[in-house]
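Chain and residue survey
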Amino acid sequence: MKDLSDIREVKRILSRHGFHFSKALGQNFLIDPTVCPRMAEACGAGPGVGVLEIGPGCGVLTQQLAMRAEKVVAVELDKRLPAVLAETLADFDTVKIVPGDVLEMDVASLLAQEFAGLRVTVCANLPYYITSPILMKLLEERLAVESITVMVQKEAAERICAQPGSRQCGAVSVAVQYYAQPEILFDVPRESFLPAPQVDSAVIRLAIREKPPVSLAAPERDFFRLVRAAFGQRRKTVSNALCAGLSREKPAVAAALEQAGIPPSARAEQLSMEQFGRLCDALFVGGGAGIAE
Ligand code: SAM
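Keep in mind that this is a model prediction, so the values were computed, not measured.

Here is what the cut-offs are and how they apply
Residues numbered from 1 in each chain as written. Predicted model: local features only at pLDDT ≥ 70, side-chain atom pairs only at ≥ 80, totals over all residues. Heavy atoms only, no water. Axes fitted to C-alpha atoms, helices over the stretch in contact; angles between N-to-C directions. Helix = DSSP H or I, 4+ residues; strand = E, 2+ residues; numbered from the N terminus. Parallel < 35°, antiparallel > 145°, perpendicular 65-115°, else oblique. Left-handed = near helix turned anticlockwise from the far one by under 90°. Contact = heavy atoms within 4.5 Å. 1 Å grid on protein atoms, 1.4 Å probe; cavity = no way out; pocket = protein on both sides within 12 Å on 5 of 7 lines; lining within 4 Å. Points joined across faces, edges and corners; volume = space filled by probe spheres on them. Nonpolar A, V, L, I, M, F, W, Y, C, P; charged D, E, K, R; others polar. Pairing = 2+ DSSP bridges. Buried < 20%, exposed > 50% of the residue type's maximum accessible area, 1.4 Å probe, protein only. Phe/Tyr/Trp six-rings, centres within 6.5 Å; stacked < 30°, edge-to-face > 60°. Lys NZ or Arg CZ within 6 Å of the ring centre and 35° of its normal. Core = buried A, V, L, I, M, F, W, Y, C linked by side-chain atoms within 4.5 Å. Disulfide = S-S within 2.5 Å.

As for the packing of helix α6 (residues 131–140) against helix α8 (residues 171–179)
- One way to put it is that α6 packs onto α8 with a least axis distance of 10 Å and a crossing angle of 30°. Compared by their axis directions, α6 and α8 come out roughly parallel. The handedness of the crossing between α6 and α8 is left-handed. Contacts between α6 and α8 pair S132, M136, L139 and E140 from the former with V172, A175, V176 and Y179 from the latter.

A word on the layout of surface pockets
- Quantified by volume, the largest pocket comes out at close to 650 Å³.
- Lining the largest pocket are 37 residues; nearest its centre among them are L25, G26, Q27, N28 and P127.
- At the level of elements, β1 (29–30), β2 (49–54), α3 (60–68) and β3 (71–76) are the ones that each hand at least two residues to the lining of the largest pocket.
- Grouping the constituent residues of the lining of the largest pocket by class yields 22 nonpolar, 10 polar and 5 charged.

Things to note about the sheet that holds strand β7 (residues 180–188)
- Ordered by their spatial adjacency, 7 strands build an open sheet running β4-β3-β2-β5-β6-β9-β7, and the pairing between neighbours is mixed. Edge strands, defined here as strands with exactly one partner in the open sheet, are β4 (95–99) and β7. With strand direction ignored, the average angle separating the axes of adjacent strands in the sheet is 20°.
- Pairing between strand β6 (residues 147–153) and strand β9 (residues 201–208): 7 bridges, direction antiparallel. What sits directly across from M151, in β9, is V203.
- On the sheet, α8 packs against β7 and β9 and is oriented at approximately 115° with respect to β7.

A closer look at the environment of A260
- With respect to the helices and strands, A260 occurs in the loop between α11 (250–259) and α12 (273–284).
- Classification of A260 as buried rests on a relative accessible area of 3%.
- Contacts of A260, omitting those with residues within four sequence positions, involve R278 and L279.

A look at the packing of aromatic side chains
- What the rule picks out here adds up to 9 aromatic pairs.
- Considering the side-chain rings of Y178 and Y179, the 5.2 Å spacing of their centres and the 85° angle between planes classify their relative orientation as edge-to-face.
- Plain terms: the ring middles of F231 and F276 are 5.8 Å apart, the flat faces sit at 35° to each other, and that makes the pair tilted. Taken as a pair, F231 in helix α9 (residues 220–232) and F276 in helix α12 lie far apart in primary sequence, 45 residues in all. Assigned by exposure class, F231 and F276 land together as buried.
- Cluster of aromatic residues (ring-pair linked, three or more members): Y178, Y179, F223 and F224.
- Taking the ring centre of F186 as reference, the NZ or CZ of R38 above it sits at 3.8 Å.
- Positioned above the aromatic ring of F284 is the side chain of R248, whose terminal nitrogen or guanidinium carbon lies 5.1 Å from the ring centre.

Some words on the nonpolar core
- Core analysis: the biggest nonpolar cluster contains 69 residues, and L52, I148, L206, F223, L242, F276 and L279 have the highest contact counts within it.
- Residues F19, F29, A45 and V203 belong to the second largest nonpolar core, which totals 37 residues.

Examining the state of the cysteines
- Within this structure, the stated rule accounts for 0 disulfides.
- With no disulfide of its own, C43 has C123 as its nearest cysteine by sulfur position, at a separation of 4.0 Å.
- Take C43: its relative accessible area is 3%, and that puts it in the buried class.
- For the unlinked cysteine C58, the closest cysteine sulfur is that of C36, found at 8.9 Å.
- Its relative accessible area of 3% is what places C58 among the buried residues.

Quick look at helix α10 (residues 238–245)
- Those residues of α10 that sit buried are V238, S239, A241, L242 and C243.
- Contact partners of the buried residues in α10: α9, α11 and α12.
- Trailing α10 by a residue or two, S247 shows a phi angle of about 50°, which is positive.

What follows is the structure in structure tokens.
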């Protein structure tokens with residue numbers, strides 16, 4: 001097996017294929033030999049498990065996944081990389097490279113086609129320029145996956161895992177936590193990558209919830225409209241942010257806040273998941289959201 005934790009070997013293979021890193025595609029390849037085995041273990045790769053990887057790069061994480069999982073399907077946008085991967089993954093016949101943009105792909109059909117009879121998990125060192133769109137696509141499509149274990153920028157990891165009601169909480173924290181329970185597993189310093197990015201990273205694991213933490217009377221899309229609008233103008237109160245973001249009159253928003261038991265001076269980062277749920281139903285239905293058991 002090609003040793004992709006040996007930086008000279010990686011450089012030799014890439015240069016033989018005439019490969020140059022693309023900043024636009026978020027290409028920072030892992031070269032720390034300890035990180036990929038930890039990620040592969042953490043994501044639950046093992047017998048009976050199929051792993052979807054996004055952006056295999058030169059295959060350093062793919063190798064570790066393939067050593068453990070029943071099958072690995074890796075989606076890669078860069079057309080230059082399948083030739084590199086054919087060389088670095090030559091020892092594995094359980095890996096399939098799917099060329100294309102994961103954001104444009106019918107991932108549900110891909111999983112159904114490739115992983116019939118297997119439990120499915122996602123594991124990836126994500127291209128950082130599209131961390132949130134990828135995570136939200138995977139979550140919103142309610143794919144049949146047990147967990148999502150991904151490397152993201154450290155700051156993004158902290159934001160995604162911030163509890164609603166805490167200072168660091170943002171729209172992405174509430175949205176992710178509606179679908180999953182996130183945790184930060186470990187930090188990864190910038191020197192672990194080639195080329196080294198400007199920021200440190202962290203590996204997070206999202207355990208997919210069986211059902212959301214709040215039960216809504218309103219449609220889910222209204223909940224996410226509300227969350228986006230509430231965090232749309234962070235320095236304003238929720239009341240002002242909602243008037244602007246949802247084009248509502250002030251008295252109507254004030255009445256909904258009162259019905260949801262939220263003080264008029266509250267800011268979005270101070271609201272709990274339950275308060276967002278109650279406010280959603282007060283605004284869009286007029287009733288109250290319950291807390292899921
Ligand atoms: N997994 C490798 C590693 O850990 O060294 C590479 C990770 S690198 C941060 C991100 C990878 O995602 C690159 O290979 C890049 O070409 C690929 N990529 C970028 N945008 C993508 C997209 N929209 N769909 C699929 N892959 C993408």
